[in-house]
Every structure is written in structure tokens, then in C-alpha cells.
Amino acid sequence: MTLTLPPGLLAAALLFWGWRTGLWLPALPMALLLELAPRITWRWALDDNALARVIDLSALLWVGALIMLFTRYLNQPPLATHLYTLLRWIPLLLFLPLAIQRYCTAGAFRVGHLFYLLRRSKSVLAQQALQLDAPYFVCCLLAAGVTMQPGFLLGIGLLLLWLLLAARPRRHRWPLTLTLVVVAALVAWPLSAGLHRFQLALEDTFSEWFEDWFIEVDPYRARTALGDIGELKLSGRIVLRLKPGPGDPGPWLLRDAAYNSYFDGVWQAKNTRFTDLKSTGDGREWRLLMAPERQSRQLAISLELRRGTGMLPVPLGAWQLDRLPVGELQISNLGAIKASEGPGLLDYGVEYSPVADRDAPPAELDLALPRREQATLQRLAAELDLANQPPAVAAARVHAFLLGQFRYSLDLPAPAARLTALETFLLQTRAGHCEYFATAAALLLRAAGIPARYATGFSVSEYRALEGVYVARRRHAHAWTLIWRDGRWQDFDATPPDWTRVEDEQSAWWQSIDDLWVWLNHQFNRWRWQETTGEESDNRGWWGVSGGLAAVLFWRLLRRRRVRHRSAAKPVAATIWPGAESPFYQIVVALTTRAGSRPPGEGLEHWLRRIGVGETAEMKAMIGWHQRWRFDPAGLSAPEQHRLAETVAGWLTVHATQRRGKRFY
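Residues numbered from 1 in each chain as written. Predicted model: local features only at pLDDT ≥ 70, side-chain atom pairs only at ≥ 80, totals over all residues. Heavy atoms only, no water.

Student: Lay out the sheet that holds strand 8 (residues 274–276) in plain terms, naming residues and giving numbers.
Tutor: Strand order in the open sheet formed by four strands is 8-15-16-12, with antiparallel pairing between adjacent strands. Edge positions in the sheet fall to strand 8 and strand 12 (310–311), since each of these pairs with one other strand and no more. When strand 8 meets strand 15 (residues 328–332), the two strands line up antiparallel, connected through three bridges. Residue pairing across strands places Asp276 opposite Gln330, the latter belonging to strand 15. (Pairing = 2+ DSSP bridges. Helix = DSSP H or I, 4+ residues; strand = E, 2+ residues; numbered from the N terminus.)

Structure (C-alpha cells):
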């Protein structure tokens, strides 16, 4: 059965898509063309080959869109955003065949047009008519749902209500229909929220898998744009585990990259130089700096290293790494540590001291301001009276300004007209996530003449009692500022301290289930890479589990029913029961066919009497011979067997001549 859309619904769906995605310009003429089709009398006379060429042209449009996506977008994270770009284009890419369907004499495509091998086929499937209205309606709804703007559930609800009311059987009354609509709306609201969180989890998993197999991403964090960390904050997956040493209460800022140049919403690490480090000891100890005079602290960090390559998150002041089995380790003049030729799982130790500093001293880039925002930054710096202030005083004023007049939020609107994203944050919305706070703090300090850099990594403060360690989730990815003070670089975090609470409140209800799965996967990886990580394996637990399973298996085997094994050389002959060859069974089969089978537990003579054939003298004689043949130890003599066979044959002959379906007894 083909679903017929009511007039105007498809145009409304197109307008809804244009409103949600901001593609008003193409949506309006597309909707107008579809609605004018019933009012225009002329049609294109397209033959079967021409319709097939339309499908081929649409396929070429899809190929072109995919090529543009791969060449222009997929090497620029975040991946999920660019994949959704393709979903936004679906109504555009499918509009050509729909418009041709509306304005051609055929009025529909065939299934065979979609597949080259079926185009000349005469099969029923290939010749089946294909109406594109309903599939295109669904595609418009899906494409309208890829943006984060509010109103999607209300809009799709009204469109589906329009469709259902138009297809409502007339026997159903309006009160019942409206009641069902209200119930469906109440159920759909919380269900949509759960599906949205489930979608985010799927995006996270799919993006990681897709990037691992098909995309060459930059593992060394040479650049980062405003919004890159915001994408990570949509996921609660655990990516790092930390176990502190004695006397280190935390929390910890683990930096994996630093940047010194900002332009048009993008931070870059310019004039960076990487220096090769040499391992010492057993080949897994790496000295970053000379040992500090003051007592240092210890951390144990565990994280997965994708493809054996990436940046290592460590605290500021790290001077030595232990138990790090990588083939190559490099450190940049901005303090970033790059590892390569490593295993899939790293479990390394960090020695660090607050007074140690491995970063290069300030340079000209550490005071540079972006030209587009320079006037705004200098004006704010003047209002805060940051000029000629000591670094500690200027940092305190910037910190008070950002914490007192701004709030943390992951829901960010588009930049205002003629303003950049940073200016919109500073002058209008005054709401954003850590990237905006860190960027604003770094550039305001620079406007005050104080060298500052932008740092990214993880903020670790969540403790998991199940594992006895602190963990960092993807949403704990963080950005902060490095300020030059007292002759060394120091961490300066201007993000409101309640940002972790805000993000934890938005965590999915199934996070504990996902955490359990991630923990099991982490345990498997630790076992898998234990040789490279040098972890001492305690197999007593595994031996205990194996022994317990073996005991259970042996106990179950003992409880199984045992039979005596018979030798294959002495096969046992098949048992033939007495009376098995009795011809009376032919009558039983004939009666079963006509009167139904005998119920289990009902005797043969009782069944024959119940169906009305067991009272005749002839039938009683046959039953007697049959029962004696079966149960009498003496059996049935040969003459009696012969008489039984003749009587059965006569009975079958007489009753076979009766009219089919007539009662025969």
C-alpha cells in the first residue's frame, strides 16, 4: 500500500527543513515548485531511458557531494559536524527526481531505475512503481533534525499529526483521536531526550571508529579552533586514569598542548621546535629536565594511545617520565610532549615539581593581539585598569571579571552580526565554555602587557571508587591559560569552578553501564599490553576462576545420565513389536483422515465407538483379531491373519466408494 501525502504537507516539510537548517533560499522555490505541479497542465513526455538518466544524474550529485565533503571537511575535526553537513543536503540532492516525478507523464519511477542490473529486467520487482513523495518527506524530517536549534519536536509533531489526521479512518471519532495525540506527545517528550543522548553516544563511537580507519587526523595538536573541545564535552567516555602519590590532593591540570598565536577563532603553535629525548635505565625512563632541588610529586597515568602515536598529557613542571615504553619521545619549546612507536595502552609515571619549567621563555608572539579583536580587548583592559599592574594583580582582576560577570554554558548561539565569536562572548552573551574563558583571559593579559599562552588538556577531579583511581572523561577536556609570572610559566584557570557540575548534570542515565563496559575493555587492554607496559601480572585470580569453572563443569558431567557404551562391532537389531504389521492400521489411517486423529490417552475401542464405527459385528471381529495379534503372547494364527486381511480389504473397498465428505458410518 502506497502512503499518499495530503496536499501541502510536503511543501510544509521543506519549509520546516529550510527554517531549521537556515537554507531558506533553496527551500522556498523548491516548495513552490512542488505545490504548483497539480495546477500546471503540461508535462514532460519522458521515456524509460530518460527517467533512468535522471537517477544517474542524482547519483552523480551524491558522488560530487561526497568528494567535496572528503576533500574540504573531513580532515578538519570535529568529524560528526561535517558528516551532518551531508545530512543537511539530502533534500537538495533528492529534489531533482522528485520534481521530475511531479512534472513528467509517467508520474512515477520504477524500482528498476535505481539499480543498473534491473533496468532491462521484466521481473515484478523491477517493474514495480516507486513513488518518492513519502521517502522525501521522511528525508526532510531527518535533515531538519541535524541542528541544535529548539523547536524540532514541536515541528515534527505537527507535521506527523497533519499526516495522521489526513489518513485517519472515518470510523474513529475526534475525542479518541485527540486523546491518543496527547498521550503520544507526553510519551515522545522524554523519549526524544533519551534518544538524543543515545545519538550522541553513537556519534562518539562512530566518529572514533571512522577516524581510526579512514582519516588521517593530526595527533600532535598543531592547531585548535574554538569549539573543538566543546564537541568533546558531549561525551562522557573515560579516556584517562590517574593515581596520585602520597600528599598530592589534586585536582590536576594535565596539559597535552600549548599555543601562542590566535587568529580568527583558531589557536596555533607557531615557531615550535621538537627536540629528541634519549631514554635511560631500562629504556623506559625519560628525563625532561634536571631534577629540581625541591621535593617532587608522583602521578601514575593510564591512557590509550591511538595507533601508537599522540601527545602525552602531563602536569606543568613534569621533569621525568617512568615506565614509558615508546620508541621515540620528543618535547617542544612550548612544553608539549610527543610520543610515537608506542603500544595501544600506556601506563606511565610522572615526576613533577611546581617550580620546574620546561617551556621556552616568552617571545614576541606571547604578547600579540589579533587585529580583529584588538580594539575590543584594549578597551576592556583599560576598563579593568590592567595596564602597568603586576602580573598577580592583573590576573586577579581578569579572574574576578570573568567569574563575576560571565557564566559557563555549552549552549552557544551563532556569533552576532559583524562580531567575531570571541567578541560575541565578551560583549553580548557573556556565556561560554572553557575555550572562551581561556582565550579571553590570555588575550586580556596580553593587552595588559603580560605574556600569556593558551593550553589544552584535561582537568582531573572525579574519583571512581570501583577502580580506586581518578578519571578524566572526554567532557573533562579543558582549556586554560599559561601566564608568565615570577620568572616561570604558571597555570591560570579562569573558567568558573562549577563547570564540572554543569556538565555532570547533563550526563546520560546509562553512563554507569558505559563506564562498566569501558572498564572491562580497559582491563582487557591491560592484559593484552602487559608485556610492553611492564606490569607484573598476578594470575592467581585467573587460575582461581578457571579452577572454579572446571569444578562446575565436572560436577555437571557427574550429574548427567550415564548409559552403557555398546561396541560398534555388535550392532543391536531394531525391535519389531508384535502386531506391527497388522492390516487393521490401514483402517485407522483412513478413519484418522476423515474423522480426525485419536486424542492422546484415549483407547482404540473407545475412539471407534465415539466416532460411530465400533458397534458393528464386522468391526468388533477385526478389533479382536488386531488386539490378539498385538497383546496375546500366543499371537494370531496364520489363517486368522489371512481372514483379518480379507475383512480389512473388504471394509476399505465398501467405504471408499461412498461420496467424499459424506458420513460413512
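Let us keep going from here.
Student: Give me the lowdown on the pattern of salt bridges, citing residues and values where you can.
Tutor: This model, assessed by the stated rule, comprises 17 salt bridges. Among the salt bridges present, the one from Glu467 reaches Arg464, with a minimum N-O distance of 3.2 Å. Here Glu467 and Arg464 have matching classes, each one buried. A salt bridge links Asp498 to Arg501, with the shortest nitrogen-to-oxygen separation between them at 3.3 Å. Via salt bridges that share partners, Arg53, Asp56 and Arg119 belong to a single interconnected network. (Salt bridge = Lys/Arg side-chain N within 4 Å of Asp/Glu carboxyl O. Buried < 20%, exposed > 50% of the residue type's maximum accessible area, 1.4 Å probe, protein only.)

Student: Residue-level account of the confidence of the model for the chain, with values.
Tutor: Residue-level pLDDT values for the chain average 80, and 81% of them are 70 or greater. For the chain, per-element mean pLDDT is lowest for helix 17 (residues 530–533), which scores 55, and highest for helix 14 (residues 434–447), which scores 94. The model gives residues 74–78 a pLDDT under 50, and that stretch makes 13 contacts with residues more than four places away or in other chains. (pLDDT = per-residue confidence, 0-100. Contact = heavy atoms within 4.5 Å.)

Student: Which residues make up helix 13 (residues 421–429), and what are the values?
Tutor: Restricting attention to buried positions, one finds in helix 13 the residues Leu422, Glu423, Thr424, Phe425 and Leu426. For helix 13, the secondary structure elements touched by its buried residues are strand 6 (261–263), helix 11 (374–383), strand 19 (431–432) and helix 14. Count one or two residues on from helix 13 and you reach Arg430, which has phi positive near 50°.

Student: Residues and numbers for the side chain of Ser332, please.
Tutor: Looking at the element boundaries, Ser332 is found in strand 15. For Ser332, the residues in contact, after removing those within four places along its chain, are Arg273 and Phe274.

Student: Residue-level account of the pairing of strand 15, with values.
Tutor: Of all the five residues making up strand 15, four are buried; the element is thus mostly covered by neighbouring parts of the structure. Here strand 15 pairs with strand 16 (residues 337–340) via four bridges, running antiparallel. Counted as the bridge partner of Leu329 is Ala339 from strand 16. Here strand 15 folds back onto strand 16, and the loop between the two strands holds four residues, one of which, Gly335, carries a positive phi near 95°.

Student: Help me get a handle on the nonpolar core, residues and values and all.
Tutor: One recurring pattern in soluble globular proteins is that nonpolar side chains are buried together. Counting 41 residues, the largest nonpolar core has Val398, Leu402, Phe425, Leu426, Leu445 and Phe492 as its most contacted members. Among the elements of the structure, strand 5 (252–259), helix 11, helix 12 (391–405), helix 13, helix 14, strand 20 (452–460), strand 23 (477–485) and helix 15 (499–505) are those that each provide at least two residues to this core. The greatest single-element share of this core, amounting to 10 residues, is contributed by helix 14. Aside from chain neighbours lying at most four places away, what touches Val398 is Leu386, Ala441, Leu444, Leu445 and Phe492. Leu5, Leu23, Ile100 and Cys104 belong to the second-largest nonpolar core, a separate cluster that totals 32 residues. (Core = buried A, V, L, I, M, F, W, Y, C linked by side-chain atoms within 4.5 Å.)

Student: Talk me through the side chain of Asp366; I want residue IDs and the actual numbers.
Tutor: By secondary structure assignment, the location of Asp366 is in the loop between strand 17 (345–352) and helix 11. Ignoring sequence-local partners within four residues, the contact set of Asp366 consists of Asn260, Pro361, Arg446, Ile450, Pro451, Ala452, Arg453 and Trp489.

Student: I'd like a description of the sheet that holds strand 20, backed by residues and values.
Tutor: Pairing in this open sheet of five strands is antiparallel, and the strands run 13-5-20-23-24 from one edge to the other. Of all strands in the sheet, those bounded by a partner on one side alone are strand 13 (314–315) and strand 24 (488–492). Looking at chain direction, strand 23 and strand 24 are connected through five bridges and run antiparallel. Its bridge partner being in strand 24, Ile483 is matched across the sheet by Gln490. Helix 12 contacts strand 23 and strand 24 of the sheet and is inclined by roughly 150° relative to strand 23. (Axes fitted to C-alpha atoms, helices over the stretch in contact; angles between N-to-C directions.)

Student: Describe the environment of Phe115, naming the residues involved and giving the relevant values.
Tutor: Within the element layout of this structure, Phe115 appears in the loop between strand 1 (109–110) and helix 6 (124–127). Placed 59 residues apart in sequence, Phe115 and Asp56 show a C-alpha to C-alpha distance of 9.8 Å.

Student: If you had to explain the packing of aromatic side chains to someone new, which residues and values would you point to?
Tutor: Within this structure, the stated rule accounts for 17 aromatic pairs. Each ring, one from Tyr259 and one from Tyr454, has its centre 6.1 Å from the other, and the planes form 50°; the classification is tilted. Here Tyr259 is found in strand 5, whereas its partner Tyr454 is found in strand 20, with 195 residues between them in sequence. This pair shows no difference in class: Tyr259 is buried, exactly as Tyr454 is. Relative to Phe425, the ring of Phe406 has its centre 4.9 Å away and its plane inclined at 35°; by these criteria the two rings are tilted. Of this pair, Phe406 sits in the loop between helix 12 and strand 18 (407–408) while Phe425 sits in helix 13, and the two are 19 residues apart along the sequence. Across the pair, Phe425 and Phe406 agree in class, each one buried. Pairwise contacts between aromatic rings join Phe401, Phe406, Phe425, Tyr436 and Phe437 into one cluster. For the cation-ring pair, Lys338 lies above Phe274, with the distance from its terminal atom to the ring centre recorded as 4.1 Å. (Phe/Tyr/Trp six-rings, centres within 6.5 Å; stacked < 30°, edge-to-face > 60°. Lys NZ or Arg CZ within 6 Å of the ring centre and 35° of its normal.)

Student: How would you sum up helix 12? Please name residues and give values.
Tutor: Taking 1.5 Å of rise per residue, the 15 residues of helix 12 would be expected to cover 21 Å, and the 21 Å separating its terminal C-alpha atoms lies within 8% of that figure. Listing the buried residues of helix 12 in full gives Ala394, Ala395, Val398, Phe401 and Leu402. Viewed along the axis of helix 12, the buried residues span an arc of 125°, placing them on a single side of the element. In this structure, the buried residues of helix 12 make contact with helix 11, helix 14, strand 23 and strand 24. (Expected span 1.5 Å × (residues − 1). Arc of directions from axis to C-beta.)

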